[in-house]
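Tertiary structure, described
Below, each chain spelled out in residue letters.
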Amino acid sequence: MAELIDGKALAKEVRAEVKARAEAFRATHNRAPGLDVVLVGEDPASQVYVRNKERAAAKAGIEGRVHRLPAETTEADLLTLIFELNGDDHIDGILVQLPLPDHLHDQTIIDAIDPAKDVDGLHPFNAGLLVVGRKGLRPCTPSGCMRMLEHVACDPKGKRALVLGRSTLVGKPIALMLLEKHATVTIAHSRTIDLADRVRESDIVIAAVGRANLVKGDWIKEGAVVIDVGINRLDDGSLTGDVDFAGAKERASHITPVPGGVGPMTIAMLLSNTVDAAQARIL
Ligand code: NAP
């Protein structure tokens, strides 16, 4: 029976570390690290995410500000705001809540963020640093997954790791991070034809697809570590991951629940990135 990887408890630990680092930063530099979040439109899920980020930042001693803009905001107006935030010395992190309304192009806006303030780690410059194995701001959810592996003393070195999903947000960066830690990495996606076999041979399985119960419990190799990034809402309103949790926990050595797994880690790593950005900017 697998041991649960408690994302809530681990996120609390990370937030406490961040708080101590934010306090030390304030003591030295006479200001708190600053995180500005930009929310365009009234998407209910995005509003909840942004409120959670605002609250978590305040608790961690980070000066959080939210810019709430109407859904019809033009690209020119949004870019003007981003350039203002880029130029404000008290702002260390800029996060644009995605997805943006249809008339705005996510990538155009992300490209405009100063890479030194890109706490979501989505700017192509930071993505490039990850590819070449250099220090930089890295996407929060993949960083949270790596922290979870470290927490359960799962060293990827020499292990077979399978990443399901190849998005810029999760799949690709986590695959690169596992590779950096010397895992033998396979990336599966919608055209993969032998998914069950790939899962069966993997010591680490990271599922980031967005399809409930895609990964069957009996595919999981005995003793594998399973990190379920997927968030899927079922008809009864409850949330579930991409992995058949009940089946997989009979075979895995460690597994993350959904909810209460990777989700809480994402915000904690965002706060951590903000303090990293603040420190890097004053060096
Ligand atoms: P995405 O951009 O939609 O990417 C999904 C990926 O899954 C794509 O690469 C797609 O392949 C692949 N895929 C689709 N069907 C597949 C199949 N049958 N077998 C294998 N791969 C398949 O999604 P995302 O942004 O990466 O997010 C993935 C999931 O993680 C979602 O449920 C999202 O809600 C969740 N998420 C959670 C957190 C968190 O904090 N816990 C953060 C971010 C995302 P193709 O490239 O071939 O289309």
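Criteria and cut-off values
- Residues numbered from 1 in each chain as written.
- Predicted model: local features only at pLDDT ≥ 70, side-chain atom pairs only at ≥ 80, totals over all residues.
- Heavy atoms only, no water.
- Pairing = 2+ DSSP bridges.
- Helix = DSSP H or I, 4+ residues; strand = E, 2+ residues; numbered from the N terminus.
- Axes fitted to C-alpha atoms, helices over the stretch in contact; angles between N-to-C directions.
- Expected span 1.5 Å × (residues − 1).
- Buried < 20%, exposed > 50% of the residue type's maximum accessible area, 1.4 Å probe, protein only.
- Arc of directions from axis to C-beta.
- Domains from an automatic or database assignment.
- Core = buried A, V, L, I, M, F, W, Y, C linked by side-chain atoms within 4.5 Å.
- Contact = heavy atoms within 4.5 Å.
- Near = heavy atom within 4 Å.
- Polar contact = N/O pair within 3.5 Å; in protein donor to acceptor, adjacent residues only side chain to side chain.
- Areas by Shrake-Rupley, 256 points an atom, 1.4 Å probe, with all protein chains shown as cover.
- Nonpolar A, V, L, I, M, F, W, Y, C, P; charged D, E, K, R; others polar.
- 1 Å grid on protein atoms, 1.4 Å probe; cavity = no way out; pocket = protein on both sides within 12 Å on 5 of 7 lines; lining within 4 Å.
- Points joined across faces, edges and corners; volume = space filled by probe spheres on them.

Structural notes on the sheet that holds strand β4 (residues 93–96)
In space, the three strands of this open sheet follow the order β3-β2-β4, with parallel pairing throughout. Looking along the sheet, the strands with just one partner apiece sit at the ends: β3 (63–69) and β4. Put simply, the sheet's adjacent strands are angled 15° from each other on average, direction ignored. Of the pairings in the sheet, the one linking strand β2 (residues 34–40) to β4 comprises four bridges and is parallel in character. Bridge pairing links Leu-35 to Gly-93 in β4.

Overview of helix α3 (residues 75–87)
An α-helical turn contains 3.6 residues, so any two residues separated by three or four positions project in the same direction. For α3, which comprises 13 residues, the first-to-last C-alpha distance of 18 Å matches the rise-based estimate of 18 Å (1.5 Å per residue) to within 8%. Along α3, the positions that sit buried rather than exposed are Leu-78, Leu-79, Leu-81, Ile-82, Leu-85 and Asn-86. All buried residues of α3 project into a common sector of 160° when viewed along the axis, lining one side. Residues of α3 that are exposed and point more than 90 degrees away from the buried face comprise Glu-84 and Gly-87.

Re the domain arrangement of the chain
Its domain assignment divides the chain into domain 1 (29–114) and domain 2 (140–263). Between the C-alpha centres of domain 1 and domain 2 there is a distance of 29 Å.

Focus: the nonpolar core
With 49 residues, the main nonpolar core has Ile-62, Leu-149, Leu-178, Ile-206, Ile-227, Val-229 and Leu-271 as its most contacted residues. Top element by residues in this core is helix α10 (residues 262–282). It accounts for nine residues. Each of domain 1 (29–114) and domain 2 (140–263) accounts for three or more of the residues forming this core. With residues up to four places along the chain from it excluded, the contact list for Val-229 reads Thr-141, Cys-145, Val-170, Ile-206, Ala-207, Ala-208 and Val-262. Within the second largest apolar cluster, 19 residues are counted, among which are Ala-196, Val-215, Ala-224 and Val-226.

Brief notes about the site of the ligand
Around the ligand there are 21 residues in total, and Arg-166, Ser-167, Ser-190, Ile-231 and Thr-266 lie nearest to it. At 2.7 Å, a side-chain N or O of Arg-166 approaches an oxygen atom of the ligand. Isolated, the ligand exposes 930 Å² of accessible area, and the fraction of that covered by the protein chains is 71%. Ranked by residue count, the leading element in the shell around the ligand is α10, at three residues. Tallied by class, residues from the shell around the ligand come to nine nonpolar, nine polar and three charged.

Quick look at the layout of surface pockets
Reported here for the second largest pocket is a volume of approximately 860 Å³. Contributing to the lining of the second largest pocket are 33 residues, with Lys-135, Gly-136, Arg-138, Asn-273 and Asp-276 lying nearest its centre. Listed by contribution, the elements that provide at least two residues to the lining of the second largest pocket are α1 (7–29), α5 (124–131), α6 (140–151), α7 (171–180) and α10. In terms of residue count, the dominant contributor to the lining of the second largest pocket is α10 (eight residues). Of the residues that constitute the lining of the second largest pocket, the class distribution is 16 nonpolar, six polar and 11 charged.

Here's the deal with the side chain of Asp-242
With respect to the secondary-structure elements, Asp-242 resides in the loop between β10 (239–240) and α9 (245–248). At a separation of 2.7 Å, a polar atom in the side chain of Asp-242 contacts the main-chain amide nitrogen of Val-209. Of note is the side chain of Asp-242, whose polar atom sits 3.0 Å from the side chain of Asn-232. Sequence-distant contacts of Asp-242, that is, excluding residues within four places in its chain, are made with Ala-207, Ala-208, Val-209, Gly-210, Arg-211, Ala-212, Asn-213, Leu-214, Val-215, Asp-228, Gly-230 and Asn-232.

A look at the sheet that holds strand β1 (residues 3–4)
With parallel pairing, six strands are arranged side by side in an open sheet as β1-β11-β8-β7-β5-β6. Sheet topology places β1 and β6 (184–188) at the edges, where each strand pairs with a single neighbour. Of the pairings in the sheet, the one linking strand β8 (residues 225–228) to strand β11 (residues 254–255) comprises two bridges and is parallel in character. Each bridged residue has a counterpart across the sheet, and for Val-225 the counterpart in β11 is His-254.

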